[in-house]
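Overview (structure and organization)
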Protein chains: 2
Amino acid sequence: MHNLAISIRISSDLFIKDPESTDLGKRIISKSIELLDELGFEGFTFKKLGAAIGSPESSVYRYFESKHKLLIYLVCWYWSWIEYKMVFGTINKSSDLERLKTAIEILTKPIKVDNSFIHVNEVLLNKIVVSEATKVFHTKAVDEENDQGYFAVYKRIVQRVSDLISAINPDYKYPNMLVTTVIEGAHQQVYFADHLSSITDKKRGKNRVYNFYTELVCKMIS
Amino acid sequence: MHNLAISIRISSDLFIKDPESTDLGKRIISKSIELLDELGFEGFTFKKLGAAIGSPESSVYRYFESKHKLLIYLVCWYWSWIEYKMVFGTINKSSDLERLKTAIEILTKPIKVDNSFIHVNEVLLNKIVVSEATKVFHTKAVDEENDQGYFAVYKRIVQRVSDLISAINPDYKYPNMLVTTVIEGAHQQVYFADHLSSITDKKRGKNRVYNFYTELVCKMIS
DNA sequence: CAAATATAATGGTATTACTATCACTTTCCA
DNA sequence: TGGAAAGTGATAGTAATACCATTATATTTG
């Protein structure tokens, strides 16, 4: 697909001015993805971002209240994109089990470039989500930010997959726990493979994360 | 057990002066656990810690190089304590399966107070590990810190449980992935139950995390 | 062309994370 | 018992961070 006439909609509480609405905004998104990947969340600052796009720090603050909000924005964008892929990927499948397997595939297999969104590098964004997304949740402000609805997309994805599981096996007791175990676990396995490889099973090939979690879900609900 | 004549040994790379060696050191540990729980890692500073123990910031810096190192120290302490509980809890079991179940119990059931270590509140420390420990890993310095051996205890625990699994079923392909899925997943479920309860299965009772992951491991390796 | 909007440029504040210095006190051991 | 060594307190200082505010200059739009 090329340059679809769709766009990812993000809650307007997450930005001051919609970055999609201007050229500078898009450059902010695009460069912040590169810089977050390069420097990590702690090393990343609006000053460095400003320097990278040739604008002052204050211009960035016109779009985002804080770097934390920017991170949430990007993570939300990511999950919205995943949801969109999940909806379109499962729509024409013939059974719930097929749909479930596709969903798990989307959640666990490596990300491929998607040229539909020019200013977003999904492969890099995935790397950021893998290594930084826990910082979105693990904050003293979680509850407040949850009330604001910042995690709605994420929760909706969990619900979707959970519903598929319940459709296949209505008696299975822990559909939500199973889904979050898969989603978070898959990212964690990728991170461990990169940084603590002795505690993964790296030899098991390229699709081991997908294979492991697919087997896990199938065994649990059967 | 009361005041056992054992102590948890932590790599001396993690501190400048051993906090176990002085009274002030022990108060630093004890208060930092309380404050980290209260303020979260981001809100926690050595200045506030100093104020809480009635000492200047600079005294804290004589024990720990940075608050990041202090967090690693505490997380290491926690995993060392868990390892100790695992070793003593499994030693007199009659089969590998029994040992495995005990290990999973220790990793997934709520923590109880342990009066063996007066200056450490294990229940609070567990809360800190649940909500802040990902920050130990998710840093641009992971690889370096891994090389320094800071994560050795954690990796050893994974290895122990993984070995039990391989002893029970030598053909199971993903023992490491299974173990890390359980360890990290169990903490995550506790955190989600507290802050994003819609994506857990809270109704399933008090031991749902233990039951879920025990069932998961047993089904996977059988 | 005027009005509105977007951006640049600059400066400022409070806080953080950390370092350095000096003085006082306690311990220890020769 | 006297004197070094170790532990702590008190104070000051620095560079960087995360932000905010103001003014001036472009750029767009109606």
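A short tour of the structure in this document, coming up.

Thresholds, definitions, all that
- Sequence order as written defines residue numbering, which begins from 1 separately in each chain.
- Whichever chain is written first becomes A and whichever ligand is written first becomes 1, with later ones labelled in order.
- Only residues with pLDDT of at least 70 are given local features in this predicted model, and only at 80 or more are side-chain atom pairs given and counted; all residues enter the totals for whole chains, interfaces and linings.
- No hydrogens and no water enter the side-chain calculation; it runs on all heavy atoms of the structure.
- Here, proximity means that at least one heavy atom of the residue falls within 4 Å of the molecule or strand.
- Polar contacts here mean pairs of N or O atoms no more than 3.5 Å apart (in protein, one a potential hydrogen donor and the other a potential acceptor; neighbouring residues in sequence count only if both atoms are side-chain atoms).
- A helix here means a DSSP run of H or I that spans at least four residues, while a strand means a run of E at least two residues long, and both kinds are numbered starting from the N terminus.
- Note on residue categories: nonpolar means Ala, Val, Leu, Ile, Met, Phe, Trp, Tyr, Cys or Pro, charged means Asp, Glu, Lys or Arg, and polar means any other residue, Gly included.
- Two cysteine sulfurs form what is called a disulfide whenever their separation falls within 2.5 Å.
- Whether two residues touch is decided by their heavy atoms; if any such pair falls within 4.5 Å, the residues are in contact.
- Buried area is calculated as the accessible area (1.4 Å probe) missing from two parts once they are joined, with the contributions of both summed.
- Salt bridges are defined as contacts in which a side-chain nitrogen from Lys or Arg sits within 4 Å of a carboxyl oxygen from Asp or Glu.
- With a 1.4 Å probe rolled over the protein chains alone, any residue whose accessible area is under 20% of its type maximum counts as buried; one over 50% counts as exposed, and the rest are partly exposed.
- Whether two aromatic rings pair depends on their centres lying within 6.5 Å, for rings of Phe, Tyr and Trp, where Trp uses its six-membered ring; planes under 30 degrees apart make the pair stacked, over 60 edge-to-face, and the rest tilted.
- Ring-over charges, as used throughout, are those where CZ of Arg or NZ of Lys falls within 6 Å of the ring centre and within 35 degrees of the ring normal.
- Our superposition of the copies is a least-squares fit, built on the C-alpha atoms of residues whose pLDDT is at least 70 in both.
- A fitted line through C-alpha atoms serves as each axis, taken over the contacting stretch for helices, and the angle formed by two N-to-C directions is quoted from 0 to 180°.
- Note on angle classes: values under 35 degrees are labelled roughly parallel, values over 145 roughly antiparallel, values of 65 to 115 roughly perpendicular, and the remainder oblique.
- To estimate the expected span of a helix, count its residues, drop one, and scale the result by 1.5 Å.
- By convention a nonpolar core is built from buried Ala, Val, Leu, Ile, Met, Phe, Trp, Tyr and Cys residues, the set being connected through side-chain atoms within 4.5 Å.
- What goes into a patch is any residue over 30% in relative accessible area without a salt bridge, connected to like charges within 9 Å or, for nonpolar side chains (Val, Leu, Ile, Met, Phe, Trp, Tyr), within 5 Å.
- Here the accessible surface of atoms and residues is derived via Shrake-Rupley with a 1.4 Å probe, and residues count as covered only by protein chains that are part of the display.
- Neither His nor the chain termini are counted; the positive set is Lys and Arg, and the negative set is Asp and Glu.
- Every charge is mapped to an atom, namely NZ of Lys, CZ of Arg, CG of Asp or CD of Glu.

With that settled, consider the protein's contact with DNA strand C. In the region of DNA strand C, 16 residues are neighbours, and S55(A), S59(A), Y63(A), E57(B) and K67(B) sit closest. In the interface set of DNA strand C, defined as its atoms within 4 Å of the protein, sugar plus phosphate atoms amount to 51%. Within the side chain of K67(B), an N or O atom sits 3.0 Å from a phosphate oxygen of DNA strand C. Per element, the largest residue contribution to the surface near DNA strand C is three residues, and it comes from helix α3 (residues 57-61) of chain B. Considering only residue class, the surface near DNA strand C consists of four nonpolar, seven polar and five charged.

Evaluation of the coordinates by the stated rule reveals zero disulfides over all chains. The closest cysteine sulfur to the non-disulfide-bonded C218(A) is located on C218(B), 19 Å from its own sulfur.

In this assembly, 53 residues from chain B lie in contact with 53 residues from chain A. Note on chain B versus chain A: buried area summed over both sides is about 4,700 Å², and carbon and sulfur give 59% of it. Among the residues chain B hides against chain A, the three largest losses belong to H138(B), M177(B) and F212(B). Together they make up 15% of the total. Counting across the chain B and chain A interface gives zero salt bridges. Applying the counting rule to chain B against chain A returns 28 residue pairs in polar contact (both at pLDDT 80 or more). Secondary structure elements with two or more residues in the side of chain B that touches chain A: α1 (23-43), α6 (122-132), α7 (134-137), α8 (142-147), α9 (152-168), α10 (175-195) and α11 (208-221) of chain B. Element by element, the count of residues in the side of chain B that touches chain A is highest for α10(B), at 13 residues. For the side of chain B that touches chain A, the per-class residue count stands at 21 nonpolar, 17 polar and 15 charged.

With respect to the secondary-structure elements, T102(A) resides in helix α5 (residues 96-108). For T102(A), a relative accessible area of 12% gives the class buried.

Attention shifts here to the packing of aromatic side chains. Under the definition given, this model contains 32 aromatic pairs over all chains. Ring geometry for F137(B) and F151(B): centres 5.2 Å apart, planes at 70 degrees, overall edge-to-face. Taken as a pair, F137(B) in helix α7 and F151(B) in the loop between α8 and α9 lie far apart in primary sequence, 14 residues in all. Given a relative accessible area of 8%, F137(B) falls into the buried group. For F151(B), a relative accessible area of 3% puts it in the buried group. Through a chain of ring-to-ring contacts, the aromatic side chains of Y78(A), W79(A), W81(A), F137(A), F151(A), Y154(A) and F192(B) assemble into a single cluster. Across from the ring centre of F41(A), 4.6 Å away, lies the NZ or CZ of K67(A), which sits over that ring.

Below, the discussion takes up the relation of the copies chain B and chain A. Between chain B and chain A, which share one sequence, the superposing operator has a rotation angle of 180 degrees and an axial displacement of 0.0 Å; the RMSD is 0.0 Å. These values place the two chain copies in the arrangement generated by a two-fold rotation axis. A high fraction, 100%, of the interface residues of chain B reappear at the interface in chain A, so the copies pair face to face through one surface.

Attention shifts here to the packing of helix α11 (residues 208-221) of chain A against α11(B). Contact pair α11(A) / α11(B): the axes reach a minimum separation of 10 Å and the direction vectors enclose 105 degrees. The orientation of α11(A) with respect to α11(B), classified from their angle, is roughly perpendicular. Each of F212(A), E215(A), L216(A), K219(A) and M220(A) in α11(A) lies in contact with α11(B), whose residues at this interface are F212(B), E215(B), L216(B), K219(B) and M220(B). The residue inventory of the contact of α11(A) with α11(B), partitioned by class, reads six nonpolar, no polar and four charged.

An ideal rise of 1.5 Å per residue puts 20 Å on 14 residues; α11(A) measures up with 20 Å between its terminal C-alpha atoms. Of all 14 residues in α11(A), ten are buried; the element is thus mostly enclosed. For α11(A), the full list of buried residues reads R208(A), V209(A), Y210(A), F212(A), Y213(A), T214(A), L216(A), V217(A), M220(A) and I221(A). Lining the buried residues of α11(A) we find α5, α9 (152-168) and α10 (175-195) of chain A together with α10 and α11 of chain B.

It is worth spelling out the protein's contact with DNA strand D at this point. The local shell around DNA strand D holds 16 residues, among which E57(A), K67(A), S55(B), R62(B) and Y63(B) are the closest. The contact atoms of DNA strand D, taken as those within 4 Å of the protein, divide so that sugar and phosphate hold 56%. Within the side chain of K67(A), an N or O atom sits 2.8 Å from a phosphate oxygen of DNA strand D. Contact between DNA strand D and S59(B): a phosphate oxygen at 3.1 Å from a side-chain N or O atom of the residue. Listed by contribution, the elements that provide at least two residues to the surface near DNA strand D are α3 (57-61) of chain A together with α3 of chain B. The element contributing the most residues to the surface near DNA strand D is α3(A), with three residues. Partitioning the surface near DNA strand D into residue classes produces four nonpolar, seven polar and five charged.

Before going further, it helps to spend a moment on the nonpolar core. Formed by 152 residues in total, the largest nonpolar core has its most connected members in W79(A) and W79(B). Residues contacting W79(B), with those up to four places away along its chain left out, are L107(B), V129(B), V153(B), Y154(B), I157(B), I183(B) and H187(B).

Moving on to a negative patch on the surface. Together, D143(A), E144(A), D147(A) and D194(B) give the surface a local cluster of negative charge. If one sorts the elements of the negative patch by residue count, helix α8 (residues 142-147) of chain A sits on top with three residues. In this structure E144(A) comes out as exposed when scored by relative accessible area, which is 58%.

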